[in-house]
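# Structural description and commentary
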Amino acid sequence: MLALTAVIFLSFTGCNKGGGNEILIGEFASLTGPNATFGISSTNGLKLAVEEMNNNGGINGKQIKLITYDNQGKPSESQTVVQRLIKNDNVVAVIGEVASSNSKAGAPICQQNKIPMVTPASTNPEVTAIGDYIFRVCFIDPFQATVLTKFAINSLKVKRVAVLKDVKNAYSTGLADFFEKEFKAAGGEIIEVQSYSAGDKDFKAQLTAIKSKNPEAIFIPGYYTDVGLIAIQAREIGITVPLFGGDGWESEKLTEGKAKDALEGCYFSTHVSTENPDPAIQNFIKKYKEKYNAMPDAMSFLAYDAGLILFDAMKRAGSTEPEKVKNELAKTKDFMGVTGKISINEQRNAVKPAVILEIKGGQFKYKETVQP
Ligand code: PHE
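Residues numbered from 1 in each chain as written. Predicted model: local features only at pLDDT ≥ 70, side-chain atom pairs only at ≥ 80, totals over all residues. Heavy atoms only, no water.

## Observations regarding the overall build of the chain
Scanning the chain from terminus to terminus reveals 13 helices and 14 strands. Rg of the C-alpha trace for the chain: 21 Å, near the compact-globule value of 21 Å for 372 residues, within the 12% margin. Counting across all 372 residues of the chain, residues that qualify as buried make up 56%. A total of about 15300 Å² of accessible surface is found on the chain, and carbon and sulfur atoms cover 52% of it. (Helix = DSSP H or I, 4+ residues; strand = E, 2+ residues; numbered from the N terminus. Rg over C-alpha atoms; globule rule 2.2 N^0.38 Å. Buried < 20%, exposed > 50% of the residue type's maximum accessible area, 1.4 Å probe, protein only. Areas by Shrake-Rupley, 256 points an atom, 1.4 Å probe, with all protein chains shown as cover.)

What follows is the structure, encoded as structure tokens:
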């Protein structure tokens, strides 16, 4: 009789989200597929945060257990795995994704189920607009567009710019639109806009059309996977002007092979420079290198911070109850992360500076910081 009661009792508490002695946190990430470095870097950063938190006694006496699923870099698969995390694994919060298109696919499921989601690196404004359970620890693309506009006009000193965007990517089309608006408002001229789709291998037609207009620079708001090939083909047809882009360029794979020379003297904006002497940044690099034998990139830093602000919200809430955690996440103010001070604003975005990096000999060299 007692045993039976125990079984019934357990099966009831089993439905209790976050019940037991572990706090279950879900993550969806592109561990395979064309943008695999996004997922690998972010999951490594997040795991470091979980490990440190657990070594320091966990959250309110409970250990964190991270469940990570691969979405192969696909929006449809993002929906499937976020659903699984919430319905089958009973996670109390979700971290992810890097690519805005994937975050936009996963976020509505978190919102409908009232499970807080923190994206480390998705910069498209629509992601957090999905609802009050969706947060991010990075800046948004209207700001990134302002940063790139200032850089193009003041530092590159260019006025006539062409744009080459990825039409299958919410981040790319969004950043292209914001940039075109900002750049024109600042007195610049957008002399040509061309498109491609992620995974394309031949960009010669678009590049030839761009070349015929004689731009002073080409803005390519895409992901590293395609940018390398675009740069190689641009140089092959005799385009010599600088190319520049946003955070989607960031991966050590960007400058592999012939892309190294093709991208020499090109620029992109991103979230953090590993050359920054700030002890928080240098200490993180050291820990990351020790654990993974690799350099962290922006996604590693941001995912670590995404974990930290979530854990901090749970601590302050004294609970892992999703609604309470959501309320505390919204109150995050001046939290010292490895990417700087994080304050969540009314739109559930973080307001933070951006850095411009220059590609030199295949390395990303710090050029300047732009404050919000
Ligand atoms: N900001 C990009 C997006 O929203 C993702 C990204 C972030 C890529 C940081 C690289 C570095 O899609």
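## Let's talk about the packing of helix α11 (residues 279-292) against helix α12 (residues 298-317)
α12 packs onto α11 with a crossing angle of 100° between their chain directions and a minimal axis gap of 11 Å. Judged by the inter-axis angle, α11 sits roughly perpendicular to α12. From α11, Ile 281, Phe 284, Ile 285, Lys 287 and Tyr 288 reach across to α12, where they touch Ser 300, Phe 301 and Tyr 304. Residues that form the contact of α11 with α12 fall into these classes: six nonpolar, one polar and one charged. (Axes fitted to C-alpha atoms, helices over the stretch in contact; angles between N-to-C directions. Parallel < 35°, antiparallel > 145°, perpendicular 65-115°, else oblique. Contact = heavy atoms within 4.5 Å. Nonpolar A, V, L, I, M, F, W, Y, C, P; charged D, E, K, R; others polar.)

## A look at the site of the ligand
In the vicinity of the ligand there are 13 residues, among which Ser 100, Thr 123, Tyr 223, Asp 247 and Met 299 approach most closely. The separation between a nitrogen atom of the ligand and a polar main-chain atom of Ala 121 is 2.9 Å. Within the side chain of Tyr 223, one N or O atom sits 2.5 Å away from an oxygen atom of the ligand. Considered on its own, the ligand offers 320 Å² of accessible surface; in the complex 100% of this is hidden by protein. (Near = heavy atom within 4 Å. Polar contact = N/O pair within 3.5 Å; in protein donor to acceptor, adjacent residues only side chain to side chain.)

## Quick word on the domain arrangement of the chain
As a measure of interface size, the accessible area lost when the parts come together is often cited. As assigned here, the chain comprises domain 1 (2-139 + 278-353) and domain 2 (141-270). The straight-line distance from the C-alpha centre of domain 1 to that of domain 2 is 31 Å. Counting from both sides, the interface comprises 19 residues of domain 1 and, opposite them, 19 residues of domain 2. Taking both sides of the interface into account, the surface hidden between domain 1 and domain 2 amounts to around 1400 Å²; carbon and sulfur atoms contribute 55%. (Domains from an automatic or database assignment. Buried area = accessible area lost by both parts, 1.4 Å probe.)

## Concerning the side chain of Ser 269
With respect to the secondary-structure elements, Ser 269 resides in strand β10 (residues 267-270). The exposure class of Ser 269 is buried, given its relative accessible area of 0%. In contact with Ser 269, other than residues within four places in its own chain, are Gln 144, Val 147, Leu 148, Gly 245, Gly 246, Asp 247, Val 355 and Ile 356.

## Re the confidence of the model for the chain
In the predicted model, the chain carries a mean pLDDT of 95, and the fraction of residues at 70 or more is 95%. Within the model, the stretch residues 5-18 combines pLDDT values under 50 with ten contacts to residues more than four positions away or in other chains. (pLDDT = per-residue confidence, 0-100.)

## Structural notes on the sheet that holds strand β1 (residues 22-29)
Backbone hydrogen bonds are what pair the strands of a sheet, in a parallel or an antiparallel way. If you walk across this open sheet you meet the five strands as β2-β1-β3-β4-β5, and the pairing is parallel. Edge positions in the sheet fall to β2 (63-70) and β5 (134-136), since each of these pairs with one other strand and no more. Each strand axis lies, on average, 25° off the axis of its neighbour in the sheet, ignoring direction. Pairing between β1 and β2: eight bridges, direction parallel. Its bridge partner being in β2, Glu 27 is matched across the sheet by Thr 68. Strand contacts of helix α4 (residues 100-112): β1, β3 (93-95), β4 (117-119) and β5, with the helix running at about 165° to β4, the strand carrying the most contacts. (Pairing = 2+ DSSP bridges.)

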